[in-house]
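Structural overview for review
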Amino acid sequence: MIAISTWNFGLPANKVAWEIIAQNGTALDAVEHGVRHCEADPEVRSVGYGGLPDKSGIVTLDACIMDHYGNCGSVAYVKDIKHPITLARRVMERTNHVMLVGEGASQFAESQGINREFLLTDDARTRWKQWKKKQEFSEINWENHDTICMLAMDSTGLLAGASTTSGIAWKMHGRVGDSPIIGAGLYVDGSVGAAAATGRGESVMKMCGSFLIVEYMRNGATAQQACIMAAKRLAQQQKDWSEYQVGFIALDIHGNYGAFSLKDGFQYALSTPEGHKLCDAQYLETP
Ligand code: GLY
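Throughout this document, residue positions are counted from 1 along each chain, in the order its sequence is written. For a predicted model such as this one, the threshold for reporting local features is a pLDDT of at least 70, and the threshold for listing and counting side-chain atom pairs is 80 or more; totals across whole chains, interfaces and linings nevertheless cover every residue. As a rule here, side-chain values cover all heavy atoms of the structure and leave hydrogens and water aside.

To be near a molecule or strand, a residue needs just one of its heavy atoms within 4 Å of it. In the vicinity of the ligand, the contacting residues are Asp146, Thr147, Gly167, Ile168, Arg175, Gly177, Asp178, Ser179, Gly199 and Gly201. Pairs of N or O atoms within 3.5 Å make up the polar contacts considered here, provided that, within protein, one atom can donate a hydrogen while the other can accept it, and that residues adjacent in sequence are counted only when both atoms are side-chain atoms. For the ligand, a nitrogen atom lies 3.1 Å from a polar atom in the side chain of Thr147. Between a nitrogen atom of the ligand and a main-chain N or O atom of Gly199, the distance comes to 2.6 Å. In this description, accessible areas are obtained by the Shrake-Rupley approach with a 1.4 Å probe, and a residue is regarded as covered only by the protein chains that are shown. Taking 200 Å² as the accessible area of the ligand by itself, protein coverage stands at 100%. When grouped by side-chain class, the residues that make up the shell around the ligand number one nonpolar, six polar and three charged. Each residue is assigned to one of three groups, with Ala, Val, Leu, Ile, Met, Phe, Trp, Tyr, Cys and Pro labelled nonpolar, Asp, Glu, Lys and Arg labelled charged, and all others, Gly among them, labelled polar.

Written out as structure tokens, the structure reads:
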């Protein structure tokens, strides 16, 4: 059993996930409920309730979930649903589709008994108003803030992954990042392993980052090697890579994990039978 997730807010999320897998619950339940903890925390300003809004002051959320067997569900540009990860799971389990966006996703949520909620907190509104005075766009993500992604393996050896975010603060209205895109922000293949990405979504989308890591593992790379190879691939493909942060995490079907980022500062939370800890990822280069 193992759970790995992104950033320092991954630590309390991992503890929730661990309670589930330690009691022989499924990896799928673990990742959903783990990241739900983060979505509900108003102090986390890049995920769920309390997330910072787009440039027009509207909070829009993206999320996806994927299981060991390749089943997946995703929602994007959702304005009024506190737990987009649960909505993504409903898309996976209760529709014939993979992805719902915007108002259609919210209507589906209502049909599932999930109420709409106003997501912009007073604190986020105050920060947005301060930002509006200068309107400087802060490129993600030198600080400790971004998507929570979680990968887990349960006691039966099954894998699952989840990803959820409010995206880049002050983004253009309608912008969607990598987090709800299967293969970019998250990918799980039960015969190989799982991977997820955090940081500047546009850069991850351009290289199908999570899918690429799983394919590297399929071809013999360890989880750590695969994360490093993906970061190098990104840096080779995108000449402006020194101007932003991207971090990857990976988990193979034997429970080996990896984490690597472009820049210093990326942390990941790791939970094993030995306990929970926050770790500093290795990185490609200091800008
Ligand atoms: N990685 C999150 C985003 O770019 O929206």
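Another point: the pairing of strand S7 (residues 186–189). Here's how the labels work: a residue is buried when its accessible area is under 20% of the maximum for its type, exposed when over 50%, partly exposed in between, all with a 1.4 Å probe on protein chains only. Labels follow the DSSP assignment, with helices taken as runs of H or I lasting at least four residues and strands as runs of E lasting at least two, numbered in each case from the N terminus. By the alternation rule, side chains of S7 split into Leu186 and Val188 and Tyr187 and Asp189, which are all buried. A pair of strands counts as paired when DSSP detects no fewer than two bridges linking them. As judged from the four bridges shared by S7 and strand S8 (residues 193–199), these two strands associate in the antiparallel manner. In the strand pairing of S8, Asp189 is matched with Gly193. Between S7 and S8, which follow one another and run antiparallel, lie three residues.

A few words now on helix H4 (residues 102–111). Residues spaced three or four apart along an α-helix face the same direction, because each turn holds 3.6 residues. Three or more residues of H4 are buried, namely Gly102, Ala105, Ser106, Phe108 and Ala109. Burial along H4 is one-sided: seen end-on, the buried residues are contained in an arc of 160°. In what follows, residue pairs with any heavy atoms lying within 4.5 Å of each other are defined as contacts. Each element contacted by the buried residues of H4 is listed here: strand S3 (72–78), helix H3 (84–94) and strand S4 (99–101). Here the arc refers to the directions that run from the helix axis out to each C-beta atom.

Here we take up the pairing of S8. Burial within S8 is extensive, with seven of its seven residues counted as buried. Taking every second residue as pointing to the same face, both faces of S8 are buried, with Gly193, Ala195, Ala197 and Gly199 on one and Ala194, Ala196 and Thr198 on the other. Note that S8 and strand S9 (residues 246–252) share seven bridges and pair antiparallel. In the strand pairing of S9, Ala197 is matched with Phe248.

Another point: the environment of Tyr187. Its location among the elements puts Tyr187 in strand S7. Given a relative accessible area of 17%, Tyr187 falls into the buried group. With 30 residues separating them in the primary sequence, Tyr187 and Gly157 have C-alpha atoms 17 Å apart. Residues contacting Tyr187, with those up to four places away along its chain left out, are Met66, Ile182, Gly193, Ala194, Ala195, Ser210, Phe211 and Val214.

Just geometry here; none of it tells us what the structure is for.
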